[in-house]
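Structure at a glance
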Amino acid sequence: MNNSEQKQYFSTELLAWYRRNKRDLPWRRSRNPYYIWISEIMLQQTRVDTVIPYFHRFVDKFPTVDALADAPEEEVLKAWEGLGYYSRARNLQSAVREVKERYGGVVPDTKDEVFSLKGVGPYTAGAILSIAYNKPEPAVDGNVMRVLSRYFLIEEDIMKGSTRVTMEKLAQELIPEGAAGDFNQGLMELGALVCTPKSPGCLTCPVLAHCAGRAAGVEDTLPVKKKAKPPRPEQRYVALITDAAGRVLVRQRPQEGLLARLWELPHTEAPGLLTLPDAAAAQEALAGHLAEDAGVGLGQVAWLMQAEHVFSHIRWELEVYTGGLVPSPLRPDEPQLLPSQYRWISPDDMEQLAFPNVFLRILNAYYGQQAIIAHKK
DNA sequence: AAAACGGGGAT
DNA sequence: ATCCCAGTTTT
């Protein structure tokens, strides 16, 4: 069997397998390019089972390009709350506004136009063009690189850009005539259901017969991938400040950067690294932070709980303290006027404001599970 | 080419 | 505890 026959076999068998075994997923029930687009953005770095409920809520709330383009950003972030990588939501809305203005609300169907949309890179452009419009463009994600690296025994590091380009070329050659959408989805479906990262189900694989990785007995060592650096730890004090009415002091994060424009409890990095609860040290650090950032004074604090939030590059190790405000040491006779990014909220207000999951967990613990609706179980 | 950017599920 | 995931943007 030569290389060309190995490719031909792969394309034919994979396509047939997909058409027999594809999952019934919400975004597969139509060819609406807007729905396909939403699903592909949500699925970046995120599992199918996590995305499904978000997808339903999102298209219910924003059923069309125009509806999403016209929505307040706050509502879009709230609909994305808990999904992570919030720039996806902001870029998506920015791109949808461009589609409304420049393309009359119709998702474009050429590579250059789709690729130029904010938040749409090589993978998503290929996915939209192939799945929504059946155009013969490759859609190479982590699943596809794993499947191809095993079947064709490719040992290049998949973290390298040059490897992705190689894979895209190969993936494009494999697309059967007129079946780009099903084939590309089949490639990803095989990676998700059979050719899994660990313990691949080779015995049920439709292309086992000509899989070079399996023949060489190296399916478990592929794909080759350089290890990522572990996230750097960051110890932080968090202030859960309440007023006489039981409202909680929250603040909105800056326009750019980590968790941009989401809401949170005030917090500041601990000067030294300590492990035991130390209310005096926490009070000093948080009072200094709140004086500078909000112009308010912090009274005594009491330890409430620990929390952790792991990003791909940072590990927040949080010590949460409760407390209340006192007259500012700088302006003891002034009323406590807050900067615009700060706000007192009650549980009902959480329905409008988007918080990262770690703060939802803290607030849920504080309120004793009532009131706050996190998206998680 | 490397870093920034969330969160959860599987093992 | 460790790895990984239907990636894109910025530096």
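Residues numbered from 1 in each chain as written. Chains lettered and ligands numbered in written order. Predicted model: local features only at pLDDT ≥ 70, side-chain atom pairs only at ≥ 80, totals over all residues. Heavy atoms only, no water.

Re helix H8 (residues 122–133)
Where we set the bar: Under the scheme used here, helices are H or I runs from DSSP no shorter than 4 residues and strands are E runs no shorter than 2 residues, and both carry numbers assigned from the N terminus. One fewer than the residue count of a helix, multiplied by 1.5 Å, yields its expected span. Using a 1.4 Å probe on the protein chains alone, a residue whose accessible area is under 20% of its type maximum counts as buried, one over 50% counts as exposed, and one in between counts as partly exposed. Any two residues whose heavy atoms approach within 4.5 Å at even a single point are treated as in contact.
Here H8 spans 16 Å end to end across twelve residues, near enough to the 16 Å set by a 1.5 Å rise per residue. H8 sits mainly inside the fold: ten of its twelve residues count as buried. Looking only at H8, the buried set comprises Tyr123, Thr124, Ala125, Gly126, Ala127, Ile128, Leu129, Ser130, Ile131 and Ala132. The inward-facing, buried residues of H8 contact helix H2 (33–42), helix H7 (111–115) and helix H11 (180–193). Looking at the residues trailing H8, positive phi occurs at Asn134, about 55°.

Observations concerning the side chain of Arg146
We count it as follows: Charged residues are defined here as Lys and Arg on the positive side and Asp and Glu on the negative side; His and the ends of the chain fall outside this count. A carboxyl oxygen of Asp or Glu within 4 Å of a side-chain nitrogen of Lys or Arg is what we treat as a salt bridge. Think of a polar contact as two N or O atoms within 3.5 Å of one another; within protein, one of them needs to be a possible hydrogen donor and the other a possible acceptor, and neighboring residues in sequence only count if both atoms come from side chains.
Within the secondary structure, Arg146 is located in helix H9 (residues 142–151). In this structure Arg146 is buried but unpaired, with Asp141 as the nearest side chain of opposite charge at 7.4 Å. Within the local environment of Arg146, its side chain forms a polar contact with the backbone oxygen of Gly191, the two atoms lying 2.8 Å apart. Residue contacts for Arg146: discarding those within four places in its chain leaves Gly191, Ala192, Cys195, Thr196, Pro197 and Pro223.

Here's the deal with the domain arrangement of chain A
Rules: Where each domain begins and ends is defined by an automated method or by a domain database. Take the accessible area each of two parts loses on contact, using a 1.4 Å probe, and add the two losses: that sum is the buried area. Gly falls in the polar group here, along with every residue not listed as nonpolar (Ala, Val, Leu, Ile, Met, Phe, Trp, Tyr, Cys, Pro) or charged (Asp, Glu, Lys, Arg).
For chain A, the domain assignment lists domain 1 (3–221) and domain 2 (232–367). Taken over C-alpha atoms, the centre of domain 1 sits 39 Å from the centre of domain 2. In this complex, domain 1 contributes nine residues to the contact, which on the side of domain 2 involves 14 residues. Across the interface of domain 1 and domain 2, roughly 940 Å² is buried in total on both sides, 51% from carbon and sulfur atoms. Joining domain 1 to domain 2, the criterion identifies one salt bridge. When the shortest N-O distance is used, the salt bridge between Glu73 and Arg261 registers 2.6 Å. Ranked by the residues each element gives to the side of domain 1 that touches domain 2, the list is headed by helix H5 (residues 73–80), at four residues. In terms of residue class, the side of domain 1 that touches domain 2 is made up of three nonpolar, one polar and five charged.

Quick word on unusual backbone geometry
Following Leu222, the chain continues to Pro223 via a peptide bond in cis, the omega torsion being 0°. Positionally, Pro223 belongs in the loop between helix H12 (212–215) and strand E1 (232–241). Here the phi dihedral of Leu259 falls at roughly 50°; this positive angle occurs in a residue that is not glycine. Residue class for Leu259 comes out buried when judged on its relative accessible area of 9%.

Observations concerning the protein's contact with DNA strand C
Stated precisely, the cut-off is as follows: One heavy atom within 4 Å of a molecule or strand is enough for the residue carrying it to be called near that molecule or strand.
DNA strand C sits among 27 residues. The nearest are Gln45, Gly119, Asp141, Asn143 and Arg146. Atoms of DNA strand C within 4 Å of the protein: sugar and phosphate make up 67%, bases the balance. The separation between a base oxygen of DNA strand C and a polar side-chain atom of Arg47 is 3.1 Å. Within the side chain of Thr124, a nitrogen or oxygen atom sits 2.9 Å from a phosphate oxygen of DNA strand C. Listed by contribution, the elements that provide at least two residues to the surface near DNA strand C are H8 and H9. When grouped by side-chain class, the residues that make up the surface near DNA strand C number nine nonpolar, eight polar and ten charged.

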